[in-house]
Amino acid sequence: MEKVVIVRYSELHLKGKNRGYFERVLITNMEKALKGLKHEIKRQSGRYLVEGFDDFETDNIISRLKKVFGIHSLSIALKVKSDMDEIFKASAEVCSLDGRFKVETHRADKTFPLNSLQISAEIGGRLLSKFKNISVDVHNPQFIVNIDVRENGTTLVFNEFFKGAGGMPVGTSGKGLLLISGGIDSPVAGHMIAKRGMQINCIHFHSYPYTNMQARDKVIELTKVLSQYSCGTKLHIVSVTHIQEEIHKKCNGEYMVTLLRRFMMRIAERVALKCGAQCIITGESLGQVASQTVEGITSSNSVIEKLPVLRPLCGFDKDEIIERSRDMGAYEISIQPYEDCCTVFLPKHPVIKPSLESVLEEEGKLEVENLIEEAINSLEILSL
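Residues numbered from 1 in each chain as written. Predicted model: local features only at pLDDT ≥ 70, side-chain atom pairs only at ≥ 80, totals over all residues. Heavy atoms only, no water.

Draft legend 1. View of empty space enclosed by the protein. Considering all chains together, one arrives at 2 cavities of 30 Å³ or more under this definition. What the second largest cavity holds in volume is close to 30 Å³. Forming the boundary of the second largest cavity are His206, Tyr208, Thr211, Asn212, Met213 and Arg216. Its residues assigned to classes, the lining of the second largest cavity shows 2 nonpolar, 3 polar and 1 charged. (1 Å grid on protein atoms, 1.4 Å probe; cavity = no way out; pocket = protein on both sides within 12 Å on 5 of 7 lines; lining within 4 Å. Points joined across faces, edges and corners; volume = space filled by probe spheres on them. Nonpolar A, V, L, I, M, F, W, Y, C, P; charged D, E, K, R; others polar.)

Below is the structure:
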C-alpha cells in the first residue's frame, strides 16, 4: 500500500491535437512547484500521480500543487493491487469511524471480474461489518469512499477532493508585464492573468527617498506571493523620483497622477518589449480612483504604441478584489502601511476627467524623452 497524490487537470482535455503541448507545460510547472521535495510524477490516463515522496511532506505537496494553474483537483490516495482484499484494506484506512457513507467505484479496467456496482456493494458491506458506528446513505452521505480501478493492475482509494487553482498552465498564453504597486489590486490582476496561462513579469516604480525601503520590500514580498502561482517571475524596479520632481516643479499639480501614469506606461512598454512581453497588465478598476476614469485611462493608453493593455479588474468592485487578494494570500501584505510612489506630491484635488488636449499642454513643459531615459537607466532586475 503506497500513498500517492492524484492530480486531475482542468481545461486541457478540450485542447484536441494540441493537448500534448499543454500537458508537457503542466508537468514542467508541477516539477517547479515541487522543487526540493523527493517525488516522481507519472502520467496515468487523463491524470497524474505524484509518487515516491516522504509521508510527512504530503500536506506540503498538496499546498504547493494547489497553486499550480491548470490543475482542477487533487486527492491523497492509497495505491494498491487490483485485488478485493487489498482494496478493502485501503478502504478501511480512508473510511471514517462514524457517520453516513457510500462507496463510489470507477472501473477503468473492464477485465476486472466485478463491475463497479458489485465492487461498491462488496466493499460497503465489508466496511459495515468492520465499523459499527457507520451506516449506508447513498443519497446524502457524510463521506464517500472512492475506488478507482485502473487499467494497469492497480487501484486508487481515496475519500477527499481538494480544489485546484483551475485555469491554464502558466506559459501557454505568452508573456505579460504587470505594473505592480504595494496595493491590493495589482497582484490580483497578475494572478487572474496568470490563471489564463500567461507568464508574468513585473515592473514597480518607486520614489525613494520620498518612499522608504520598507515600501520596496513590501512589493518584493507581494511579487514572491504572485511568483508561487506564476512559476517564478522577474521584478523590474524603476525610480521615477526625478520625474515626479519635474512634474511638481513645472506643471499644474492637479495633473500629477495623470502625467505620472503616462510616464509609467511609456517606460513599461519599453521594458516589456525588451524582456519579450507581449502585453502590459494593470490593476485598474473603473472609477475606483481619480486616474481610473475613462478619461484617465484614455490618457494613459494614448502613449502606448505597440502593445495591448489588459485590465482584468476593470469591472470589479473593491470587495471582490479584496476577496481574491485574501484567497491568493496577498492581502495581509498589501495592507501594510507603506506608501507607494503614487502618493508622493499627491494633489488635494487631482483632475478626474482630463482632456487629452490639456494633458498634452502640461506634458509639453517637460523633457519627456530625457526623463524616460534617466528612469530606464535606474532599472534593477530581481529574479524571484
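Once you've had a look at it, read on.
Draft legend 2. Broad picture of the layout of surface pockets. Put simply, the second largest pocket is a space of about 390 Å³. Gly164, Ala165, His191, Lys195 and Asp327 are, among the 14 residues lining the second largest pocket, the residues nearest its centre. Put simply, the parts of the chain that give the lining of the second largest pocket at least two residues each are α5 (185-195) and α10 (318-328). Residues that form the lining of the second largest pocket fall into these classes: 6 nonpolar, 2 polar and 6 charged. (Helix = DSSP H or I, 4+ residues; strand = E, 2+ residues; numbered from the N terminus.)

Draft legend 3. Focus on the sheet that holds strand β11 (residues 199-206). Sheet architecture is open: 6 strands sit in the order β14-β13-β10-β11-β12-β15, paired in mixed fashion. Every interior strand has two partners, whereas the edge strands, β14 (309-310) and β15 (380-383), have only one. Examined bridge by bridge, β11 and strand β12 (residues 234-239) share 5 bridges and lie parallel to one another. Within the sheet, the bridge partner assigned to histidine 206 lies in β12 and is serine 239. Helix α8 (residues 256-275) rests against β10 (175-179), β11, β12, β13 (280-281) and β14 of the sheet, and its axis sits at about 150° to β10. (Pairing = 2+ DSSP bridges. Contact = heavy atoms within 4.5 Å. Axes fitted to C-alpha atoms, helices over the stretch in contact; angles between N-to-C directions.)

Draft legend 4. Summary view of a nonpolar patch on the surface. Judged by side-chain polarity, Leu128, Val136 and Val138 come together as a nonpolar surface patch covering roughly 230 Å² of accessible area. For valine 136, the location among the structural elements is in strand β6 (residues 134-136). A residue is classified by how much of its surface remains accessible, and valine 136, at 46% relative accessible area, is partly exposed. (Patch = residues over 30% accessible without salt bridge, like charges linked within 9 Å, V, L, I, M, F, W, Y side chains within 5 Å. Areas by Shrake-Rupley, 256 points an atom, 1.4 Å probe, with all protein chains shown as cover. Salt bridge = Lys/Arg side-chain N within 4 Å of Asp/Glu carboxyl O. Buried < 20%, exposed > 50% of the residue type's maximum accessible area, 1.4 Å probe, protein only.)

Draft legend 5. Structural detail: the packing of aromatic side chains. One pass over the full model with this rule turns up 5 aromatic pairs. Seen from their ring centres, tyrosine 21 and phenylalanine 22 are 5.3 Å apart, and the 70° between their planes marks the pair as edge-to-face. Its relative accessible area of 11% is what places phenylalanine 22 among the buried residues. A cation sits over an aromatic face here: lysine 130 above phenylalanine 131, 5.7 Å from the ring centre. Across from the ring centre of tyrosine 331, 4.1 Å away, lies the NZ or CZ of arginine 326, which sits over that ring. (Phe/Tyr/Trp six-rings, centres within 6.5 Å; stacked < 30°, edge-to-face > 60°. Lys NZ or Arg CZ within 6 Å of the ring centre and 35° of its normal.)

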